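# Structural overview
Residues per chain are reported as follows:
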Amino acid sequence: MSALSDRLPTFPWDKLEPYKKTAAGHPDGIVDLSVGTPVDPVPDLIQQALTDAADSPGYPTVWGTPALRDALTGWVSRRLGARDVTHRHVLPIVGSKELVAWLPTQLGLGPGDKVAFPRLAYPTYEVGARLARAEYVAYDDPAELDPTGLKLLWLNSPSNPTGKVLSQDELTRIVAWAREHGILVFSDECYLELGWQADPVSVLHPDVNGGSYDGLVAVHSLSKRSNLAGYRAAFLAGDPAVLGPLLEIRKHGGMMTSAPTQAAVVAALGDDEHVRVQRERYAARRTALRAALLGHGFRIEHSEAGLYLWATRDESCWDTVAHLAGLGILVAPGDFYGPAGDRFVRVALTATDERVRAAVARLA
């Protein structure tokens with residue numbers, strides 16, 4: 001066990017504990033803006049679908065029910081503009097983090113193979129490469145990478161943590177470059193429905209991929225759009241030549257989404273109203289926190305989409321974390337997402353309206 005755990009970096013969130021204690025000591029309690037975990041209720045229609053499917057004594061299938069696959073293909077076509085999507089183009093997964101962490105292993109990557117991800121990125125991309133004993137490299141522009149040995153290219157738009165959105169032209173250029181060099185592209189699009197100052201585009205859109213899904217897979221999650229982080233509900237869509245073997249591997253590994261969760265996903269993807277309501281909640285919180293941070297002397301970069309504000313006071317991120325902890329506000333230090341973030345903090349929009357109001361008052 002130690003041999004496996006020794007491949008991994010120190011779990012970063014443990015370093016935040018002293019600051020959490022400081023923030024919790026505020027007379028009015030902590031405002032925790034450090035983790036992007038939903039706090040709003042699961043919509044009633046989704047809870048009802050889960051309850052109705054609670055009597056599920058048999059094993060679910062890894063590929064999901066036909067109703068689930070219909071829901072996935074329908075949503076991908078309706079929301080992302082994808083064309084000619086069949087059941088072979090989709091695959092349910094047990095939350096997106098599981099997929100990110102184990103994808104290089106499931107693809108058979110190992111020593112000598114390279115995995116690439118953005119220079120500022122969700123740390124689990126690196127963890128996945130380490131678990132597979134593959135090499136890894138961070139990039140500013142993937143087309144500037146040496147393609148030798150590069151087997152898996154992660155895109156992340158909208159970005160966690162920065163909220164940066166890759167334009168349609170940028171995505172088209174990157175996809176063409178990856179195909180030229182035979183590099184598999186996985187595009188993490190989990191925040192795609194939360195565009196504020198940009199309209200994020202999927203790699204599955206025909207204007208990006210030329211009408212072909214060859215070498216392309218998009219990753220989507222219901223955690224943020226539908227408040228389903230506790231359900232572990234996500235899915236892949238894209239190249240059947242990639243998803244078919246992954247399905248077989250995941251069958252052997254027993255990576256099954258529970259039957260009640262599958263039913264909940266069908267309900268969630270069939271309803272756009274709850275997504276609109278949740279977007280409005282986040283938009284209001286974003287407006288209030290953004291103004292408060294700017295008024296407190298912060299500068300905000302990117303943040304045109306997603307659930308975070310990428311903010312700086314042009315000092316060490318840990319000095320900023322300590323300063324805000326003194327106000328009873330906990331945020332994530334930017335260096336959790338790579339050395340390039342060492343002067344930024346990530347401020348999540350995932351707190352109740354009451355806690356956001358408290359943070360705004362303290363920043364004022």
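Here the structure is shown first, and the text comes after it.
Just so you know, these numbers come straight off a predicted model, no measurement behind them. (Residues numbered from 1 in each chain as written. Predicted model: local features only at pLDDT ≥ 70, side-chain atom pairs only at ≥ 80, totals over all residues. Heavy atoms only, no water.)

Time to look at the packing of helix 5 (residues 96-106) against helix 9 (residues 240-253). Where helix 5 meets helix 9, the closest approach of the two axes is 12 Å, and the angle between their N-to-C directions is 105°. For the element pair helix 5 / helix 9, the angle class is roughly perpendicular. Across the interface between the two elements, Glu98, Leu99, Leu103 and Gln106 of helix 5 pack against Leu246, Ile249 and Arg250 of helix 9. (Axes fitted to C-alpha atoms, helices over the stretch in contact; angles between N-to-C directions. Helix = DSSP H or I, 4+ residues; strand = E, 2+ residues; numbered from the N terminus. Parallel < 35°, antiparallel > 145°, perpendicular 65-115°, else oblique. Contact = heavy atoms within 4.5 Å.)

Taken together, the seven strands give an open sheet; going across it, the order is 2-8-7-6-5-3-4, and neighbouring strands pair in mixed fashion. A strand with exactly one partner marks an edge of an open sheet, and here the two such strands are strand 2 (90-93) and strand 4 (135-139). The sheet shows a mean angle of 20° between the axes of neighbouring strands, direction not considered. Across five bridges, the pairing between strand 7 (residues 216-221) and strand 8 (residues 234-238) is antiparallel. Among the inter-strand pairings, Ala218 is bridged to a residue of strand 8, identified as Ala237. Contacts from helix 7 (residues 168-180) reach strand 5 (150-156), strand 6 (184-188) and strand 7 within the one sheet, and its direction differs from that of strand 5 by about 170°. Packed on one face of the sheet, helix 9 meets strand 2, strand 6, strand 7 and strand 8 and runs near 40° to strand 2. (Pairing = 2+ DSSP bridges.)

Okay, the sheet that holds strand 10 (residues 308-312) next. Spatial strand order, 9-10-13-12: four strands in an open sheet with antiparallel pairing. Strands at the two margins of the open sheet, each flanked by one partner only, are strand 9 (299-301) and strand 12 (332-333). Contacts from helix 11 (residues 273-295) reach strand 9, strand 10 and strand 13 (345-348) within the one sheet, and its direction differs from that of strand 10 by about 5°.

Let us look at the packing of helix 4 (residues 66-80) against helix 10 (residues 259-269). Between two packed helices, what matters for the description is the angle formed by their axes and the separation of those axes. For the pair helix 4 and helix 10, interaxial distance at closest approach is 9 Å and the crossing angle is 30°. Relative to helix 10, helix 4 is oriented roughly parallel. Judged by the sense of rotation from one axis to the other, the crossing of helix 4 with helix 10 is left-handed. The segment helix 4 lies against helix 10, with Ala67, Leu68, Ala71, Leu72, Trp75 and Arg78 engaging Gln262, Val265, Val266 and Leu269. Here the residues of the contact of helix 4 with helix 10 are counted per class, giving eight nonpolar, one polar and one charged. (Left-handed = near helix turned anticlockwise from the far one by under 90°. Nonpolar A, V, L, I, M, F, W, Y, C, P; charged D, E, K, R; others polar.)

Turning next to the environment of Pro260. Take Pro260: it is sitting in helix 10. In contact with Pro260, not counting residues within four places along its chain, are Leu50, Ala53, Ala54 and Ser56.

Inspection of the secondary structure assignment puts Ser187 in strand 6. Filtering out sequence-adjacent residues up to four positions away, Ser187 remains in contact with Leu155, Val203, Val217, Ala218 and Val219.

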